[in-house]
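# Fold and geometry: a report
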Amino acid sequence: MFTAWVSMFTIFDCISVIEVRDGLTFLDLIVIQIENLNNKYNCKVPLVLMNSFNTHDDTQKIVEKYTKSNVDIHTFNQSKYPRVVADEFVPWPSKGKTDKDGWYPPGHGDVFPSLMNSGKLDAFLSQGKEYVFIANSDNLGAIVDLKILKHLIQNKNEYCMEVTPKTLADVKGGTLISYEGKVQLLEIAQVPDEHVNEFKSIEKFKIFNTNNLWVNLKAIKKLVEADALKMEIIPNPKEVDGVKVLQLETAAGAAIRFFDNAIGVNVPRSRFLPVKATSDLLLVQSDLYTLVDGFVTRNKARTNPTNPAIELGPEFKKVASFLSRFKSIPSIVELDSLKVSGDVWFGSGVVLKGKVTVKANAGTKLEIPDNAVLENKDINGPEDL
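Residues numbered from 1 in each chain as written. Predicted model: local features only at pLDDT ≥ 70, side-chain atom pairs only at ≥ 80, totals over all residues. Heavy atoms only, no water.

It is worth spelling out the overall build of the protein chain at this point. The helix and strand tally for the protein chain stands at nine helices and 26 strands. For the protein chain, whose C-alpha radius of gyration is 22 Å, the value lies close to the compact-globule estimate of 21 Å for 385 residues. For the protein chain, the spread of C-alpha atoms along the three principal axes comes to 70 × 55 × 45 Å. Every one of the 385 residues in the protein chain was classed for burial, and the buried ones make up 49%. By sequence separation, contacts in the protein chain at least 24 residues apart represent 65% of the contacts at least 6 residues apart. Taken as a whole, the protein chain presents about 18900 Å² of accessible surface, with 52% of it coming from carbon and sulfur. Put simply, the protein chain has 45 plus and 48 minus side-chain charges, and the middle of one group is 3 Å from the middle of the other. (Helix = DSSP H or I, 4+ residues; strand = E, 2+ residues; numbered from the N terminus. Rg over C-alpha atoms; globule rule 2.2 N^0.38 Å. Buried < 20%, exposed > 50% of the residue type's maximum accessible area, 1.4 Å probe, protein only. Contact = heavy atoms within 4.5 Å. Areas by Shrake-Rupley, 256 points an atom, 1.4 Å probe, with all protein chains shown as cover. Lys, Arg positive; Asp, Glu negative; His and termini not counted. Charge placed at Lys NZ, Arg CZ, Asp CG, Glu CD.)

Moving on, we come to the pattern of salt bridges. Evaluated as defined, the whole model comprises 20 salt bridges. Of the charged contacts in the structure, one is a salt bridge between K221 and E225, with a shortest N-O distance of 2.9 Å. Placement of both K221 and E225 in helix α7 (residues 217–225) is noted, with a separation of four residues, approximately one turn of the helix. The exposure class of K221 is partly exposed, given its relative accessible area of 22%. Here the residues in one salt-bridge network are K97, D99 and D241, joined through shared partners. (Salt bridge = Lys/Arg side-chain N within 4 Å of Asp/Glu carboxyl O.)

Glancing now at the domain arrangement of the protein chain. Taken domain by domain, the protein chain comprises domain 1 (1–271) and domain 2 (278–384). Distance between the C-alpha centres of domain 1 and domain 2: 31 Å. Counting residues at the interface gives twelve residues for domain 1, matched by twelve residues for domain 2. For the pair domain 1 and domain 2, the number of links is zero salt bridges. (Domains from an automatic or database assignment.)

Here we come to the side chain of Q184. Looking at the element boundaries, Q184 is found in strand β13 (residues 182–186). With relative accessibility at 11%, the residue Q184 sits in the buried group. A distance of 3.3 Å separates the side chain of Q184 from the backbone oxygen of Y179, its partner in a polar contact. Contacts of Q184, omitting those with residues within four sequence positions, involve T175, L176, I177, Y179, I256 and R257. (Polar contact = N/O pair within 3.5 Å; in protein donor to acceptor, adjacent residues only side chain to side chain.)

It is worth spelling out unusual backbone geometry at this point. Here the phi dihedral of K156 falls at roughly 55 degrees; this positive angle occurs in a residue that is not glycine. Here K156 shows up in the loop between α5 (146–155) and β11 (159–165). Classification of K156 as exposed rests on a relative accessible area of 65%. The backbone phi angle of D293 is positive, close to 55 degrees, even though this residue is not glycine. When you line up the elements, D293 lands in the loop between β18 (289–292) and β19 (295–298).

What follows deals with the sheet that holds strand β7 (residues 84–85). Sheet strands associate in pairs through backbone hydrogen bonding, adopting either a parallel or an antiparallel arrangement. One open sheet accounts for four strands, arranged β8-β7-β16-β15; its pairing is antiparallel. The strands lining the two open edges of the sheet, one partner per strand, are β8 (90–91) and β15 (234–240). Both β7 and β8 contribute to a ladder of two bridges, which runs antiparallel. The residue bridging V84 from the neighbouring strand is P91, located in β8. (Pairing = 2+ DSSP bridges.)

Here we take up the pairing of strand β22 (residues 343–346). Residues of β22 alternate between two faces, with V344 and F346 buried on one and D343 and W345 left unburied on the opposite face. In this sheet, strand β24 (residues 365–368) lies alongside β22 in parallel orientation, the contact comprising four bridges. Considered in β24, the bridge of D343 is made with K365.

So, on to the environment of D57. For D57, the position within the fold is in helix α2 (residues 56–63). Relative accessible area serves as the criterion here: at 54%, D57 is assigned to the exposed category. For the pair D57 and L152, spaced 95 residues apart in sequence, the C-alpha separation works out to 36 Å.

The buried count for helix α8 (residues 278–285) comes to seven of eight residues, which makes it a mostly enclosed element. Looking at α8, one finds that the buried residues are T278, S279, L281, L282, L283, V284 and Q285. Close packing links the buried residues of α8 with β2 (19–21), β18, β20 (309–312), α9 (319–324) and β21 (335–341).

Below, the structure is given as structure tokens:
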């Protein structure tokens, strides 16, 4: 009997409803993946979305489109904490800031108590569910892997964190360490300044946390009821309406040290494909990836095991601006790196290979023509094309 259930947790924002490929959004892909899982194994794995008080209403409207799918979709809200005025260390609402801006959701470490407080945890336990798979909704590589689940059940692991080899692009990512006889997550914010470069070394710390987590439900219930999940507090300074405030947050990965027989599993890089910026969106919308049954799969024609390094200027930061500047997404299967800055526009059928830099000088518009092939080129004006 397949007893896991899937929880894709997110502070639900616009990126979850952005079209990724073929007119499908992140949430569309997640639902398709679980539909295929349920059909293949004749099971009823539900999808659970963790929202904040800011996003709950919008989420309820969005999930209505999936009423005819074979996936049961549940939602619950995480906690609501008052922002702290930084120079006074008092709750902002006590100073009269009583609207939504006076409050914040306290990070994804809140998933465990909020799951319990919502009643969802007890409900799923009563149905015989045993494990939850937790992942960020913008990680296109986060899919249910039955081999991992089987290992956890056989070895009675209460908690599993998926880690993957660190590259120079991941030097700030948290890593696993052994401390006081426990597996623990070490984040860069916890590292003294004099050791930060050592932490960033991909030779000494070779793995980092993907934030794909597998957790035993009974263990969550036991620890939450005992108030035993004392994760490290992460101060997150913000400025809201001209006032400097603090948000005190926790991370779900930091809970690893409280669970019995907790482990880290080294997984392929394919299970970590987050889309945090338009440079990531360019990767997944290009011919570097294909879409099959809701799964984003890397093009086998790409011989380089790492993805191209892509750096887009501020003109490409917003999704609408990004999309408008490409008649079609260029071919990048043979691309090593791309750096674009200034008022640059791409035609259709463009092919990028090797190392490419495109820069439009201030006040000028630079158009890359249809079907252009740029290989190991520095483009600073039309004369370089």
